[in-house]
Amino acid sequence: MSTLTIRLPDDKHERLKALARANAISVNKLIDELATVALANFDARVRFETRAAHGSPDRALALLDRLDAAD
């Protein structure tokens, strides 16, 4: 496991501590959870962009038309 030192404005640090307290977790655990969410979002974006680069716009539009027709 790694140790990471970050610099934050005091007010942001206090808000993070309050958020951690409200969730009954440590600031360390809060930052770990926030990092996990950020990485999951990044991974999803990369997967989407990769699939979009190999996809067919015409096929995608046809699929959306079928979905609209189903409503």
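Heads up: the structure comes first, above all this text.
Residues take numbers from 1 onward in each chain, read along the sequence in its written order. Local features in this predicted model are restricted to residues whose pLDDT is 70 or higher, and side-chain atom pairs enter the listing and the counts only when it is 80 or higher, whereas totals over whole chains, interfaces and linings include all residues. Side-chain metrics rest on all non-hydrogen atoms present in the structure, leaving aside hydrogens and water.

## Quick notes on unusual backbone geometry
No. 1: Phi angles above zero are rare outside glycine, and Ala-24 is one such case at about 55°.
No. 2: In this description a helix means any DSSP run of H or I spanning at least four residues, a strand means any run of E spanning at least two, and both kinds are numbered starting from the N terminus. As for its placement among the helices and strands, Ala-24 is situated in the loop between α1 (10-22) and α2 (27-54).

## Quick word on the pattern of salt bridges
No. 1: Here a salt bridge means any side-chain nitrogen of Lys or Arg lying within 4 Å of a carboxyl oxygen belonging to Asp or Glu. In total, this model carries three salt bridges according to the counting rule given.
No. 2: Between Lys-17 and Glu-14 there is a salt bridge; the shortest N-O distance is 3.1 Å. Residue Lys-17 and its partner Glu-14 are both found in helix α1; the two are separated by three residues, about one turn of the helix.
No. 3: For Lys-17, a relative accessible area of 26% puts it in the partly exposed group.
No. 4: Between Lys-29 and Glu-33 there is a salt bridge, and its shortest N-O distance comes to 4.0 Å. Of this pair, Lys-29 and Glu-33 both sit in helix α2, four residues apart, which is roughly one turn of the helix.
No. 5: Here the term buried applies to any residue with accessible area under 20% of the maximum for its type, exposed to any over 50%, and partly exposed to those in between, with areas from a 1.4 Å probe on protein chains only. According to the relative accessible area criterion, Glu-33 is partly exposed, its value standing at 35%.

## Some points on a nonpolar patch on the surface
No. 1: The grouping of Leu-61, Leu-63, Leu-64 and Leu-67 at the surface amounts to a nonpolar patch, some 380 Å² of accessible area in total.
No. 2: Examined against the element boundaries, Leu-61 turns out to sit in helix α3 (residues 57-70). Only residues whose relative accessible area exceeds 30% and that form no salt bridge are eligible for patches; like-charged ones are grouped when within 9 Å, while nonpolar side chains (Val, Leu, Ile, Met, Phe, Trp, Tyr) are grouped when within 5 Å. To be clear on the numbers: accessible area is Shrake-Rupley with a 1.4 Å probe, and residue cover counts the displayed protein chains and nothing else.

## What about α1?
Every α-helix winds through 3.6 residues per turn, so residues three or four apart in the chain are directed the same way.
No. 1: What a helix should span is 1.5 Å times the count of its residues minus one. Relative to the 18 Å expected for 13 residues at 1.5 Å per residue, α1 spans 18 Å between its end C-alpha atoms, a close match to the ideal helical length.
No. 2: Positive backbone phi, at 55°, marks Ala-24, one or two positions downstream of α1.

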